[in-house]
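Listed here are the chains, written in short residue letters.
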Amino acid sequence: MTATLERPTATAAPSVRRRRRPHYTSTRSLLRWLTTIAGIVIALAMLLPIIWMTFTAFKPEADIVTFPPTLWPREFTLQHFVDVWNRIPFAHLYLNTIVFAGSVTVISLFFDSMAAYALARLEFRGRNVVLVLVLILLMLPFQVTLIPLYDMLNGIGLTNSLPGMIIPRVTNAFGIFFLRQFFLSLPKDLEEAARVDGAGEWRIYWRVIMPLAKPALLTLGLFHFQYNWNDLLWPLIMSSDLDNATLPAGLALFMGQHVVEYGLLMAGSLLALLPVVIFFLVIQRSFVAGIATTGLK
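It should be emphasised that the depicted structure is a prediction, and the values quoted were computed from it without experimental measurement.

A. Summary view of the confidence of the model for the protein. In this model, the protein carries an average pLDDT of 82, and 87% of its residues clear a pLDDT of 70 or more. Taken element by element, the predicted model of the protein shows its lowest mean pLDDT in helix α1 (residues 2–57) (71) and its highest in helix α4 (residues 90–121) (92). In this model, residues 1–6 is a region of pLDDT below 50 whose contacts with residues beyond four sequence positions or in other chains number 0 contacts.

Structural data, given as structure tokens:
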């Protein structure tokens, strides 16, 4: 009698588990689908300005100012891309921007990494004071030093020139702090082994630390390049003519007090966006690795 009572109990438990498993699987699949849909909606919302800019660049001017506005062009045209090359020296401005942003990026990475290595790896008197000063400069708005910096450069004759725009940005407080945090996460065993082999500080910095810091350097390089490529205020103040201006300053000419030529602005902005997008696509893996590992100890 006891065996006949226990047998249904033993077979009932698996049947209960079989009923619960499909419910758990369906809930998990539903959450995955909801997460995917939410991610797509958020991505489209963030990409909407770029999508709107792209379609607007191919719209005729009459189609751009039509109300209500439409995303898809009623008629495709390439006239804005032709006009933006003819109305301003677009190629020359493009070259100036490449020289300005590229030079600042390369030189700043070199000086930022040396300063960060000294603050992270070397013991010297006043190291904490220097770090505090770097943090103060990091929190100080650029507009505070804009007028004194311009007066100083004007006094030595560097205004309205590419060197005058590049030299004040050859180092950056954010870059020093960013790389310092990354260098602190690297193990000290490697450099101690290099010292045992007779390597000096420069060789340790160049042969040991810099190859390990490639993800952080590429990440910071993208930040520097994007910031200086898109910067309008500093090149606009430092250049009094189009010969030494950059692309954002040149595109600002299409924004008048009463009339804004949206088609030319969108076409020029679309062309100006391409180098930054290509740069990111090339280093995207290192960019994610640099962001993920910076500051870990």
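Once you've had a look at it, read on.
B. Quick look at the packing of aromatic side chains. Evaluation of the coordinates by the stated rule reveals 19 aromatic pairs. Here the aromatic rings of Phe90 and Tyr94 are separated by 5.6 Å at their centres, their planes lie at 50°, and the arrangement is tilted. Here Phe90 pairs with Tyr94, and both are found in helix α4, just 4 residues apart, close to one helical turn. On the accessibility criterion, Phe90 (1% relative accessible area) is buried. Centroid distance Phe225 to Phe279: 5.4 Å. Interplanar angle 85°. Geometry classified as edge-to-face.

C. Inspection of the nonpolar core at higher detail. Counting residues in each nonpolar core, the largest one holds 23 residues, and the members touching the most others are Val84, Phe90, Trp229, Leu247, Leu251 and Phe254. Those elements giving two or more residues to this core turn out to be α1, α3 (79–87), α4, α11 (214–230), α13 (247–251) and α14 (262–293). The element contributing the most residues to this core is α14, with 7 residues. The contacts of Val84, once residues within four sequence positions are left out, are Phe90, Leu251, Phe254, Leu264, Gly268 and Leu271.

D. Looking closely at the packing of α4 against helix α10 (residues 201–212). It is at 11 Å that the axes of α4 and α10 come closest, and there the two elements cross at 105°. Considering the angle they form, α4 stands roughly perpendicular to α10. Along its contact with α4, which presents Phe110, Ser113, Met114, Tyr117 and Arg121, the element α10 presents Glu201, Trp202, Ile204, Tyr205, Trp206, Ile209 and Met210. For the contact of α4 with α10, the residue count by class is 9 nonpolar, 1 polar and 2 charged.

E. Up close: α11. The terminal C-alpha atoms of α11, which comprises 17 residues, lie 24 Å apart, in line with the 24 Å expected from a rise of 1.5 Å per residue. Looking only at α11, the buried set comprises Ala216, Leu217, Thr219, Leu220, Gly221, Leu222, His224, Phe225, Asn228 and Trp229.

F. Highlighting a nonpolar patch on the surface. There is a patch of nonpolar side chains on the surface, built from Val129, Val132, Leu133, Ile136, Leu138, Met139 and Phe174 and spanning about 640 Å² of accessible area. Inspection of the secondary structure puts Ile136 in helix α5 (residues 127–139).

G. Quick peek at the packing of α4 against helix α8 (residues 173–184). At their nearest, the axes of α4 and α8 sit 8 Å apart, and the two run at 50° to each other. It follows from the interaxial angle that α4 and α8 lie oblique. For the crossing formed where α4 meets α8, the hand is right-handed. Contact with α4, carried on its side by Asp112, Ser113, Ala115, Ala116, Tyr117, Leu119, Ala120 and Arg121, involves Gly175, Ile176, Leu179, Arg180, Phe183 and Leu184 of α8 and no other residues of that element. A breakdown of the residues in the contact of α4 with α8 according to their chemical character gives 9 nonpolar, 2 polar and 3 charged.

H. Molecular detail of unusual backbone geometry. The residue Asn160 is not glycine, and still its phi comes out positive at about 55°. Relative to the helices and strands, Asn160 resides in the loop between α6 (142–155) and α7 (162–166).

I. Representation of the side chain of Arg127 within the structure. By the element assignment, Arg127 lies in helix α5. Residues within four places of Arg127 in sequence aside, it is in contact with Ala118, Leu119, Ala120 and Leu122.

J. View of the pattern of salt bridges. By the definition in use, this model includes 5 salt bridges. Its salt-bridge partner being Arg127, residue Glu123 comes within 3.6 Å of it at the nearest N-O pair. Classification of Glu123 by relative accessible area gives exposed; the value is 67%. Overlapping salt bridges, with partners in common, bring together Arg121, Glu191, Arg195 and Glu201 in one network.

Each value, and the rule that gives it
Residues numbered from 1 in each chain as written. Predicted model: local features only at pLDDT ≥ 70, side-chain atom pairs only at ≥ 80, totals over all residues. Heavy atoms only, no water. pLDDT = per-residue confidence, 0-100. Helix = DSSP H or I, 4+ residues; strand = E, 2+ residues; numbered from the N terminus. Contact = heavy atoms within 4.5 Å. Phe/Tyr/Trp six-rings, centres within 6.5 Å; stacked < 30°, edge-to-face > 60°. Buried < 20%, exposed > 50% of the residue type's maximum accessible area, 1.4 Å probe, protein only. Core = buried A, V, L, I, M, F, W, Y, C linked by side-chain atoms within 4.5 Å. Axes fitted to C-alpha atoms, helices over the stretch in contact; angles between N-to-C directions. Parallel < 35°, antiparallel > 145°, perpendicular 65-115°, else oblique. Nonpolar A, V, L, I, M, F, W, Y, C, P; charged D, E, K, R; others polar. Expected span 1.5 Å × (residues − 1). Patch = residues over 30% accessible without salt bridge, like charges linked within 9 Å, V, L, I, M, F, W, Y side chains within 5 Å. Areas by Shrake-Rupley, 256 points an atom, 1.4 Å probe, with all protein chains shown as cover. Salt bridge = Lys/Arg side-chain N within 4 Å of Asp/Glu carboxyl O. Left-handed = near helix turned anticlockwise from the far one by under 90°.

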